[in-house]
Amino acid sequence: MPHPDLTDLGLAPELRDGEWLNQDTPLKLADLRGQVVLLEM
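Bear in mind that the values here come from a model prediction, so they are computed numbers and not experimental data.

Colleague: Any chance you could break down the overall build of the chain for me, citing the residues and the numbers?
Modeller: Secondary structure assignment for the chain yields one helix and zero strands. Expressed as a percentage of its 41 residues, the buried residues of the chain come to 5%. Working note: accessible area of the chain is about 4,800 Å², and carbon and sulfur atoms make up 54% of it.

The structure is reproduced here in structure tokens:
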């Protein structure tokens, strides 16, 4: 059950304009579903 103080902001925006290590093509959120992902910003 979500915490009552948190607002549901909907779906996450698609990842874009990124440089990916060990990938020939950009990834989509659907490609990462169920995976543990570390993003460095």
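Colleague: Report on unusual backbone geometry, specifying residues and quantitative values.
Modeller: The backbone phi angle of Asn 22 is positive, close to 60°, even though this residue is not glycine. Checked against the element boundaries, Asn 22 lands in the segment before helix 1 (29-32). For Asn 22, a relative accessible area of 79% gives the class exposed.

Colleague: Can you lay out a nonpolar patch on the surface for me, pointing to particular residues and giving the numbers?
Modeller: A cluster of nonpolar residues, Val 37, Leu 39 and Met 41, forms a patch on the protein surface that exposes about 360 Å² of accessible area. Along the chain, the position of Val 37 falls in the segment after helix 1.

Colleague: Outline the environment of Asp 24, supporting the account with residue identities and numerical values.
Modeller: One can find Asp 24 in the segment before helix 1. Given the relative accessible area of 81%, Asp 24 is considered exposed. Spatially, the C-alpha atom of Asp 24 lies 19 Å from that of Glu 40, the residues being 16 residues apart in sequence.

Colleague: Account for the environment of Gly 18, with residues named and values stated.
Modeller: With respect to the secondary-structure elements, Gly 18 resides in the segment before helix 1. On a C-alpha basis, the gap between Gly 18 and Pro 4 in space is 33 Å, while along the polypeptide they are 14 residues apart.

Criteria and thresholds
- Residues numbered from 1 in each chain as written.
- Predicted model: local features only at pLDDT ≥ 70, side-chain atom pairs only at ≥ 80, totals over all residues.
- Heavy atoms only, no water.
- Helix = DSSP H or I, 4+ residues; strand = E, 2+ residues; numbered from the N terminus.
- Buried < 20%, exposed > 50% of the residue type's maximum accessible area, 1.4 Å probe, protein only.
- Areas by Shrake-Rupley, 256 points an atom, 1.4 Å probe, with all protein chains shown as cover.
- Patch = residues over 30% accessible without salt bridge, like charges linked within 9 Å, V, L, I, M, F, W, Y side chains within 5 Å.
- Salt bridge = Lys/Arg side-chain N within 4 Å of Asp/Glu carboxyl O.

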